[in-house]
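What follows is the residue order along each chain.
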Amino acid sequence: SLTPRGRVLGAQSSRAIRDDDDDDDGFPIRPPPLLRLLLLSSSARSDLVISRVDRQIDLTSHIVRVLSSLKIENAGPDAVSEVLFAFPNMQAKNLAAIKTFYSEGKGKGKSPSIALPTVIVQPEGMPPELTFYSVALPKSLEKGKTLNMDMLAVFTHSLTPFPEEITQADAQLLVYQDSAYYLSPYAVKVQSLGIRLPNGRVESYTKYPNTKLVDSELKYGPFESLPPFSYSPIIVHFENNHPFAVVQELTREIEISHWGNAQITEHYTIVHGGARTKGGFSRIDYQMRTNIRGTSSFSLLTALLPPRAHSIYYRDEIGNISTSTLWADSRKTQFGIQPRFPIFGGWRTTFTIGYSLPLQDFLFESDGKRVLNITYGCPLQEAVVDKLIVVLPEGSKDISASAPFHTKQSEEVKYSHLDIVGRPVVVLEKTNVVPEHNLYFQVFYRFSNLSLLREPLMLATGFFLLFVACIVYMHTDMAISKTSASYLAKLQWDEVQATVQRVQNIFDQYLKVHDKLESSLRDLSRTGDVQSCKAARKAADTQFKELAKELKPMLTFLQSSPQASQIWPKIEELVAKEREMQEKLMQKHSTVVECFEKKLGGREVENRVASLQQKLAALRQEVDNLLEINSTTTL
Amino acid sequence: MGANSASSSSSSSPLPIPFVPSLKTLRLKTKQQELLIRLSALALIYVLAFAIRLFSVLRYESMIHEFDPYFNYRTTLFLTRNGFYEFWNWFDSESWYPLGRIIGGTLYPGLMVTAALIYRALRLLTFAVHIREVCVLTAPFFAANTTLVAYFFGKEIWDSGAGLAAAALIAICPGYISRSVAGSYDNEGVAIFALLLTFYLFVKAVNTGSLAWSLASAFGYFYMVSAWGGYVFIINLVPLYVLVLLVTGRYSMRLYVAYNCMYVLGMLLAMQIRFVGFQHVQSGEHMAAMGVFFLLQVFYFLDWVKYILNDARLFQSFLKITLTCAISVGALALGIGTASGYISPWTGRFYSLLDPTYAKDHIPIIASVSEHQPTAWSSFMFDFHILLFLFPAGLYFCFKRLSDATIFVVMYGLTSMYFAGVMVRLILVAAPAMCLISAVAVSATIKNLTTLIRTKSKSPQATSGKGSASSKASAKASVDQSLPFQRNAAIALLIGAFYLLSRYAIHCTWVTSEAYSSPSIVLSARREDGSRVIFDDYREAYFWLRQNTPPDAKIMSWWDYGYQITAMGNRTVIVDNNTWNNTHIATVGRAMSSYEDEAYEIMQSLDVDYVLVVFGGVTGYSSDDINKFLWMVRIGGGVFPVIKEPDYLVNGEYRVDKGAAPKMLNCLMYKLSYYRFGELITERDKPSGYDRARGVEIGNKDITLEYLEEAFTTSNWIVRIYKVKPPKNRW
């Protein structure tokens with residue numbers, strides 16, 4: 001049901017193209033005229049002949065992949081050790097990756113293919129409009145021998161939207177341009193070309209006698225016996241609503257902590273690289289009929305993260321983005337991220353995702369060096385990376401990095417929590433990165449395990465110093481003027497407090513002696529040993545005397561000190577009460593001992609002592625209260 | 001055996017004592033114990049005050065809330081990136097297009113400078129924090145510091161127990177939390193700390209008469225002036241307090257030293273803030289302080305003369321002459337100053353504080369802000385809970401033990417309560433006073449009750465062994481007779497008090513978590529099954545603006561969203577929340593209330609590229625532009641009489657359905673809000689175009705736009721952005 005509308009719209013735009021074509025200057029891209037001239041003038045350079053080439057161009061996504069299977073024959077007299085591939089400059093500037101595989105033999109006996117190094121060269125005598133890549137063969141190709149070679153070339157930005165601006169409802173139409181013939185410095189005997197399209201909807205394509213459109217595949221050829229540098233432009237105009245997510249800028253930051261964590265942070269700037277949207281964006285259309293009203297937009301990106309990724313977040317400059325989903329199993333972590341708004345043609349958005357990985361999966365040790373081995377590319381499917389940053393822990397030395405392709409390397413310093421000299425940073429920059437670059441790269445460095453303890457020790461030292469500073473502050477006298485009245489008053493007050501404290505201690509000792517006497521009385525009632533009881537009495541007497549001697553200077557000090565005027569009455573009371581208590585206790589003691597000596601009955605003793613006992617208990621209570629009050633008032 | 005029993009009975013009470021000294025030596029001294037308990041309680045309160053404000057971070061994320069904080073955040077960002085001088089001289093062309101705004105001269109820089117300093121300090125200590133985290137946590141941090149100030153203040157006016165109670169109460173007081181949750185990066189966050197600190201230091205200065213304390217209070221005042229316009233409250237309350245002390249005969253040298261030092265230094269320091277400038281000597285709002293300053297001098301002079309003359313009759317006549325002269329000179333100076341325009345009259349905001357009805361009649365832009373509405377009883381209850389009942393009790397205790405400090409806190413409490421009644425947002429200012437006075441009540445009550453219980457718990461121990469032989473014991477026993485009942489009552493009351501306080505704690509936690517922790521920029525709702533839905537439409541729209549409009553695009557929206565658009569969308573706005581130019585806002589209001597073609601002309605004259613409206617019809621979000629629309633009409637009509645409020649009403653009723661006024665159905669705001677809404681079915685069993693925020697089917701479903709086109713609408717339709725089409729070719 002969706003098709004008719006698309007067809008109608010498509011028909012209109014294709015008609016527009018044909019009109020333009022009649023004017024002969026309308027088509028967005030056409031091969032530069034120079035190239036055509038050049039093709040006629042240049043001639044074969046080498047004795048190689050390509051006996052057969054099959055090309056498959058994949059246009060299903062916005063990354064164009066061209067896979068050419070070549071069968072090369074050496075028709076000349078000399079052995080040849082290199083093979084050249086040619087691309088027009090216009091294409092070569094969009095070339096993101098090129099890979100060549102080489103295999104010997106045929107059919108079943110075919111040896112496993114070997115990837116060969118492919119380098120850019122500028123051979124002499126070749127037209128400057130072409131860019132050449134050279135592949136060195138592992139062993140020279142002898143005269144008359146053939147070899148098989150597969151070449152994969154990956155292009156970005158090679159699909160041009162036409163029309164350049166579409167409305168929200170339109171499907172996105174793209175133009176792809178290439179040569180129907182395989183462009184090569186060698187003569188080609190037989191060749192064919194297949195173009196895979198995302199769907200069968202094609203507006204127009206350059207027609208040759210033997211061109212077929214089967215489902216979603218466009219076939220050209222076979223063409224036979226073409227001279228070197230044959231070029232015949234073809235143009236395919238087709239519908240492709242594949243999300244044109246172009247990561248304009250991606251900074252991946254890998255921060256290694258030897259406590260067992262690698263924190264990866266990725267900053268994205270994503271644009272929709274397809275046809276720009278014209279007119280407004282209608283939410284109601286988008287909401288109610290997303291499939292047709294918004295076909296060319298995308299609202300979901302999927303990132304494939306390594307397994308065991310955790311602590312994943314997704315945010316941008318203004319905060320967390322809540323529309324994301326996560327599926328994880330033991331082999332992979334799939335992270336679905338929805339930008340804040342659907343991305344239509346020409347729209348852009350930026351965001352950051354971050355996650356942590358267990359370090360042991362990526363970090364190894366060899367020859368005393370540590371090796372970080374992790375992939376370069378970005379986890380988004382079909383997207384492109386620009387800059388990669390590896391942050392190593394503070395204290396790493398002897399850093400070197402190696403990547404399987406050319407990158408611009410530099411070193412920086414980053415400061416994170418508790419860093420003093422900063423963490424060494426290795427920056428690897430490369431533009432035009434495609435999923436084919438998702439290869440492992442290595443960073444080598446030395447790091448001592450002792451450095452791990454540096455930051456905890458720093459923290460501990462910091463706190464230790466803080467406490468020491470507090471102690472020092474509490475124990476030093478910071479007064480500027482040692483003679484000012486307030487300072488002296490403070491000193492005196494401190495002394496008064498200390499004295500009161502000492503007085504309290506002495507009273508505590510008094511009470512202890514009291515208790516001793518009481519216990520001696522108890523012993524007496526149990527054992528009847530009058531002598532030991534008397535001895536205890538004697539000891540207590542001397543102790544009381546000593547304490548009184550000790551107490552005296554303090555009391556005189558407190559009495560004389562104006563600062564103690566508030567406390568003094570209480571101290572005085574305390575002294576009086578204690579004295580009274582002491583007297584009563586002595587009295588009790590003598591009474592009990594006397595009674596024992598007279599062998600009086602228990603009841604009698606009790607009667608005699610009863611009143612004393614009551615008084616003592618009351619006094620004890622009062623003394624305790626006083627001591628307590630003193631201790632609180634001195635605050 | 002008899003002796004045995006006698007001695008055992010006699011030793012029954014002293015028996016436990018031998019163990020006590022040994023235990024005492026192991027334990028800390030009572031003084032140290034008390035200190036330890038007090039310090040740990042204070043530390044816990046400090047942590048609690050910080051932690052309770054983190055609900056929003058846990059529930060949402062570490063983000064800036066509301067509207068104004070976005071401006072503060074943006075300026076802080078600028079300050080940390082470009083340094084203080086750049087910040088001070090910053091001319092911001094992104095707001096108030098085409099007028100621009102001199103940021104350095106039109107803001108209170110205290111908050112930003114504080115946050116930037118904290119940020120620098122953390123960086124210096126090698127903590128690699130982001131400035132946003134610092135901004136988000138500034139308010140909770142200062143709220144925690146406020147508890148410390150409250151403790152010392154409470155200690156100053158009553159005792160350390162009241163201080164602890166005040167710290168605990170203010171730590172979780174919802175009235176204060178409402179403005180100091182994490183992310184609420186607003187001036188009030190640090191200003192309440194500064195306010196209380198200034199008051200505390202001033203009271204301390206009055207109590208001690210120390211120059212050092214009054215100097216400190218002047219600096220506290222300076223910080224307050226740099227942080228918030230509410231400093232006017234201080235500069236009026238302090239002289240009022242001095243006046244009351246003078247009138248009640250509590251004038252002292254201490255007061256003289258404290259006030260003069262604080263006023264003179266505070267005034268000079270405050271002049272360093274560009275936004276305040278010379279207002280201390282030029283504005284009517286600050287004249288009370290100056291008057292009291294001169295009055296104090298006269299008072300001191302008279303005191304001195306009285307001492308010199310030493311003659312009551314002579315002094316009386318001298319007093320008459322001096323007073324007449326002083327008053328007439330003062331009145332003359334004030335009269336000339338006002339007449340010549342040197343002293344500016346009171347501003348509308350000041351009037352509206354004294355008279356709640358003033359704003360409604362004269363300044364619609366002040367009245368349109370919901371937080372400027374008079375306070376309802378329910379919000380008093382919501383924000384203060386038991387403090388409302390403890391407040392009068394605390395006043396009773398304060399009057400019972402009147403001192404300079406308690407007079408201050410009573411005056412602070414009463415005046416701030418009045419202002420809290422006038423404006424909802426000033427509940428914030430009243431909160432510390434409420435907490436302090438309530439703390440006095442709590443502390444005094446609990447102390448009284450516990451002393452009752454403690455004396456009781458001791459006397460039985462003392463009397464138990466003695467029987468009733470001695471006169472002392474019998475006296476105690478007679479007291480005992482009345483005590484059990486009293487004691488039980490005390491215990492019951494204590495339990496009641498603890499119950500109330502725990503209810504308060506529960507209420508505060510609940511209020512904080514439910515009401516005060518939503519960032520208002522991210523909305524959330526509960527589905528029927530209890531799961532939470534998040535509406536992140538604001539940020540969706542702002543981020544769209546940031547990414548997909550030209551960098552020099554000018555956005556027109558109602559002023560509420562101005563700060564957010566500049567901070568998050570990074571685009572120029574026509575008006576924003578700094579409502580300094582009423583005419584400019586009225587122009588926007590006029591554009592919104594005009595027909596599309598008239599509005600187009602206004603928008604062309606303002607260079608508008610995009611128009612942003614907030615619409616809650618799909619989600620049922622009620623604080624959208626349609627509900628604010630009448631204020632736009634009023635504010636627009638206040639300057640441009642062509643806009644008349646009755647045109648948008650039907651019989652005085654505001655409606656958007658079929659019965660709405662024709663002008664209403666065709667004005668720009670209506671069209672932009674409901675454009676193509678008529679095709680949408682929002683609720684089952686309801687016709688299309690059913691507005692869920694207002695519960696009606698809209699009256700104009702067939703809206704076409706001629707001069708604007710829909711540029712973006714967020715996923716829940718909350719924010720709708722329209723592009724203003726370029727003018728048509730003339731031929």
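Definitions and cut-offs
Residues numbered from 1 in each chain as written. Chains lettered and ligands numbered in written order. Predicted model: local features only at pLDDT ≥ 70, side-chain atom pairs only at ≥ 80, totals over all residues. Heavy atoms only, no water. UniProt positions renumbered as here; feature names shortened; annotations may be inferred. Helix = DSSP H or I, 4+ residues; strand = E, 2+ residues; numbered from the N terminus. Salt bridge = Lys/Arg side-chain N within 4 Å of Asp/Glu carboxyl O. Buried < 20%, exposed > 50% of the residue type's maximum accessible area, 1.4 Å probe, protein only. Expected span 1.5 Å × (residues − 1). Axes fitted to C-alpha atoms, helices over the stretch in contact; angles between N-to-C directions. Parallel < 35°, antiparallel > 145°, perpendicular 65-115°, else oblique. Contact = heavy atoms within 4.5 Å. Nonpolar A, V, L, I, M, F, W, Y, C, P; charged D, E, K, R; others polar. Pairing = 2+ DSSP bridges. Phe/Tyr/Trp six-rings, centres within 6.5 Å; stacked < 30°, edge-to-face > 60°. Lys NZ or Arg CZ within 6 Å of the ring centre and 35° of its normal. Domains from an automatic or database assignment.

Chain B appears in an unreviewed UniProt entry as dolichyl-diphosphooligosaccharide--protein glycotransferase from Ananas comosus. What the UniProt record of chain B gives under Pathway (unreviewed entry) is the line "Protein modification; protein glycosylation." Listed in UniProt under the heading Subcellular location (unreviewed entry), the comment for chain B reads: "Endoplasmic reticulum membrane".

By the naming in an unreviewed UniProt entry, chain A is Dolichyl-diphosphooligosaccharide--protein glycosyltransferase subunit 1, taken from Ananas comosus. For the record of chain A, the UniProt heading Sequence similarities (unreviewed entry) holds the text "Belongs to the OST1 family." UniProt, in the comment section headed Pathway (unreviewed entry), describes chain A in these words: "Protein modification; protein glycosylation."

1. Concerning the UniProt feature "transmembrane region" (unreviewed entry) in chain A
Those places that UniProt annotates as "transmembrane region" (unreviewed entry) correspond, in this numbering, to residues 456-474 of chain A. When the span residues 456-474 of chain A is considered, its composition is 100% helix and 0% strand, and the gap between its end C-alpha atoms is 27 Å.

2. Some details on the pattern of salt bridges
Residues and elements named next belong to chain A. Going through the model one piece at a time under the given rule, you end up with 52 salt bridges over all chains. A salt bridge links Arg 340 to Asp 316; the shortest N-O distance between them is 2.7 Å. Taken as a pair, Arg 340 in the loop between β24 (333-337) and β25 (348-358) and Asp 316 in strand β21 (residues 310-316) lie far apart in primary sequence, 24 residues in all. Each member of the pair, Arg 340 as well as Asp 316, is classed as buried. Note that Asp 329 and Lys 332 form a salt bridge whose closest N and O atoms lie 3.7 Å from each other. Via salt bridges that share partners, Glu 253, Glu 255, Lys 414, Asp 419, Arg 423 and Glu 455 belong to a single interconnected network.

3. Describing helix α8 (residues 160-172) of chain B
All names here are of chain B. Helix length check: α8 (13 residues) gives 19 Å between terminal C-alpha atoms against 18 Å at 1.5 Å per residue, within 8%. Among the 13 residues in α8, 11 count as buried, and that is most of the element. Of the positions making up α8, those classed as buried are Ser 160, Ala 162, Gly 163, Leu 164, Ala 165, Ala 166, Ala 167, Leu 169, Ile 170, Ala 171 and Ile 172.

4. Thoughts on the packing of helix α11 (residues 211-227) of chain B against helix α12 (residues 231-247) of chain B
Residues and elements named next belong to chain B. One can describe the packing of α11 onto α12 by two numbers: an axis separation of 8 Å at closest approach and a directional angle of 140°. Taken as axis vectors, α11 and α12 run oblique relative to one another. Note on element contacts: α12 touches α11 through Tyr 231, Ile 234 and Ile 235, opposite Tyr 221, Met 224 and Val 225. Its residues placed into classes, the contact of α11 with α12 shows six nonpolar, no polar and no charged.

5. Some words on the pairing of strand β4 (residues 532-535) of chain B
Across a regular strand the side chains alternate sides, sitting on one face of the sheet and then on the other. Residues and elements named next belong to chain B. A one-sided burial pattern is seen for β4, the buried positions being Val 533 and Phe 535 and the unburied ones Arg 532 and Ile 534. Summarising the sheet, strand β3 (residues 523-526) and β4 pair through four bridges and their orientation is antiparallel. Bridge assignment links Ala 525 to a residue of β4, and that residue is Val 533. The turn joining β3 and β4, which pair antiparallel and follow one another in sequence, is formed by five residues; a positive phi near 95° is taken by Gly 530.

6. Points about the UniProt feature "domain: STT3/PglB/AglB core" (unreviewed entry) in chain B
Feature annotation in UniProt places "domain: STT3/PglB/AglB core" (unreviewed entry) on residues 555-612 of chain B, given in this structure's numbering. Secondary structure across residues 555-612 of chain B comprises 52% helix and 12% strand; the distance between its end C-alpha atoms is 7 Å.

7. Notes on the packing of aromatic side chains
Counting across every chain of the model gives 75 aromatic pairs over all chains. Where Tyr208(A) meets Phe223(A), the ring centres are 5.8 Å apart and the plane angle is 75°; that geometry is what we call edge-to-face. Here Phe223(A) lies in strand β15 (residues 217-226) and Tyr208(A) lies in the loop between β13 (202-205) and β14 (211-214), a separation of 15 residues in the sequence. The residues Tyr208(A) and Phe223(A) share a single accessibility class, namely buried. Note that Arg53(B) overlies the ring of Tyr176(B), its terminal NZ or CZ placed 5.0 Å from the centroid.

8. Description of the domain arrangement of chain B
In terms of domain boundaries, chain B breaks down into domain 1 (196-344) and domain 2 (534-724). Using C-alpha coordinates to define each centre, domain 1 of chain B is positioned 50 Å away from domain 2 of chain B.

9. Points about the sheet that holds β15(A)
The strands making up a sheet associate through backbone hydrogen bonding, with each pair oriented either parallel or antiparallel. All names here are of chain A. Across the sheet, which stays open at both edges, the eight strands sit in the order β5-β4-β8-β2-β1-β12-β15-β14 with mixed pairing between neighbours. If you trace the sheet from one side to the other, it starts and ends with β5 (114-116) and β14, each paired once. Across this sheet, the average inter-strand angle for adjacent strands is 20°, counted without regard to direction. For strand β1 (residues 48-58) and strand β2 (residues 64-74), the ladder comprises 10 bridges, and the chain directions are antiparallel. Note on β2: the bridge partner recorded for Val 49 is Glu 73.

10. Quick word on the environment of Gly689(B)
Residues and elements named next belong to chain B. Position of Gly 689 relative to the elements: it lies in the loop between α31 (668-674) and β8 (690-691). Of the residues examined, Gly 689 reaches a relative accessible area of 0% and is grouped as buried. Between the C-alpha atom of Gly 689 and that of Lys 701, which follows or precedes it by 12 residues, the distance is 7.0 Å.

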